[in-house]
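So you can see what is in the structure, the chains are spelled out below.
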Amino acid sequence: MPYLRLPSVKSFTGFSIFFLPDRVSSQLEFSTTNLTLETGNMEARSIQIFLRCFHSLKCLKYNHSHFARDTLQPPSFSNGLERSRRSLEELVITNQDRTRYNMQFMVDPLGSLGAFERLKKITLSAYILLGRYWLIQAQQPLSTSDQGYVAQERFRHFLNNLPVSLESLFLMDCIADQIWPYVKNLLGERNSNTPKLTDLT
């Protein structure tokens, strides 16, 4: 993809792209601000290295293909976007291979997006944002003695993944019983933790 080397290329859309770690160097620097990757087939390490080539992304949209050899690994995105944490405004990560992904009960979540100062719009699967473990924990009954502490811990984990600049949050692949505890608390604490949030779907 030699076009990405051109400073004038600000928007790029790719389909079914493969990258091997030895073909992409994080020393490369691309000026593209809007990046869309449809039916992505990249391995986790390749995604991380590739995203580090962008220093001022404003919008990233990635759709993981169900034909990909590897399952989606959310931490590769938060690690790869480190250089764009002061510019990223919109993040969309979707996964065509939902069955295989949801079967990974201990899959690692995306990680905290709190350092992304301008991130306004997030569209993700609930599993990508929180990880399977925390969603399952939200369904577990709490004893009277630890109910307050555990509930607070769960919600703190949820909030730590969200930036203060957030205006719109769209969570997909949700099971109502799993995500509702977080949504309920988020609505109640919106003014102090996510003061700009106006759209929650």
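Residues numbered from 1 in each chain as written. Predicted model: local features only at pLDDT ≥ 70, side-chain atom pairs only at ≥ 80, totals over all residues. Heavy atoms only, no water.

Trainee: So what exactly am I meant to see when it comes to the overall build of the chain here?
Mentor: Each helix and strand counted, the chain has seven helices and seven strands in total. Listing every helix and strand of the chain by position from the N terminus yields β-β-α-β-α-β-α-β-α-α-α-β-α-β. Relative to its full complement of 201 residues, the chain shows a buried share of 45%. Considering only contacts within the chain whose residues lie at least 6 apart along the sequence, 74% involve residues at least 24 apart. Total accessible area computed for the chain in this model is approximately 10,400 Å², and 50% of it derives from carbon and sulfur atoms. (Helix = DSSP H or I, 4+ residues; strand = E, 2+ residues; numbered from the N terminus. Buried < 20%, exposed > 50% of the residue type's maximum accessible area, 1.4 Å probe, protein only. Contact = heavy atoms within 4.5 Å. Areas by Shrake-Rupley, 256 points an atom, 1.4 Å probe, with all protein chains shown as cover.)

Trainee: How should I be thinking about the sheet that holds strand β1 (residues 11–15) in this particular structure?
Mentor: Note on sheets: strands pair through backbone hydrogen bonds, and any given pair is parallel or antiparallel. Read from one edge of the open sheet, seven strands run β1-β2-β3-β4-β5-β6-β7, paired in parallel fashion. This sheet does not close on itself; its edge strands, each paired only once, are β1 and β7 (199–200). Sheet topology note: the strand β2 (residues 34–40)/strand β3 (residues 59–64) ladder contains five bridges and is parallel. From the neighbouring strand, L35 faces β3, where its bridge partner is L60. (Pairing = 2+ DSSP bridges.)

Trainee: Explain the pattern of salt bridges to me, please; I cannot follow it from the model alone.
Mentor: Opposite charge on two side chains makes pairing possible when the charged atoms of those side chains draw close. Applying the stated criterion to the full structure yields four salt bridges. With a shortest N-O distance of 2.9 Å, E29 and R83 are connected by a salt bridge. Here E29, found in the loop between β1 and β2, pairs with R83, found in the loop between α2 (75–80) and β4 (90–95); they are 54 residues apart in sequence, far enough to count as distant. A salt bridge links K121 to E90, with the nearest nitrogen and oxygen atoms 4.0 Å apart. One end of the pair, K121, is in strand β5 (residues 121–125); the other, E90, is in strand β4, and 31 residues separate them in sequence. A relative accessible area of 38% means that K121 is categorised as partly exposed. The buried category is assigned to E90, whose relative accessible area is 18%. (Salt bridge = Lys/Arg side-chain N within 4 Å of Asp/Glu carboxyl O.)

Trainee: Would you mind going over the packing of aromatic side chains with me for this structure?
Mentor: Geometry of an aromatic ring pair is reported as the spacing of the ring centres plus the angle between the planes. For the coordinates displayed, the defined rule picks out four aromatic pairs. Between F30 and F54, the aromatic rings sit 5.2 Å apart at their centres with planes inclined by 65°, giving edge-to-face as the arrangement. Of this pair, F30 sits in the loop between β1 and β2 while F54 sits in the loop between α1 (44–51) and β3, placing them 24 residues apart in sequence. The pair F30 / F54 is uniform in exposure class, with both members buried. Residue F54 is classed as buried on the basis of its relative accessible area of 0%. Within the aromatic cluster, the residues linked to one another by ring pairs are F30, F50 and F54. (Phe/Tyr/Trp six-rings, centres within 6.5 Å; stacked < 30°, edge-to-face > 60°.)

Trainee: I would appreciate a short explanation of the environment of F30 in the present structure.
Mentor: Using a relative accessible area of 5% as the deciding quantity, one classes F30 as buried. Contact partners of F30, with chain neighbours within four places excluded, come to L4, R5, F50, C53, F54 and H55.

Trainee: What exactly am I supposed to notice about the nonpolar core here?
Mentor: Nonpolar side chains tend toward joint burial in soluble globular proteins. Judged by nonpolar contacts, the single largest core of 43 residues is most densely connected at L35, F77, L91, I93, F158 and L169. Once you skip the residues sitting within four places of it in the chain, L91 turns out to touch L60, L81, L110, L113, L119, K121, I122 and T123. (Core = buried A, V, L, I, M, F, W, Y, C linked by side-chain atoms within 4.5 Å.)

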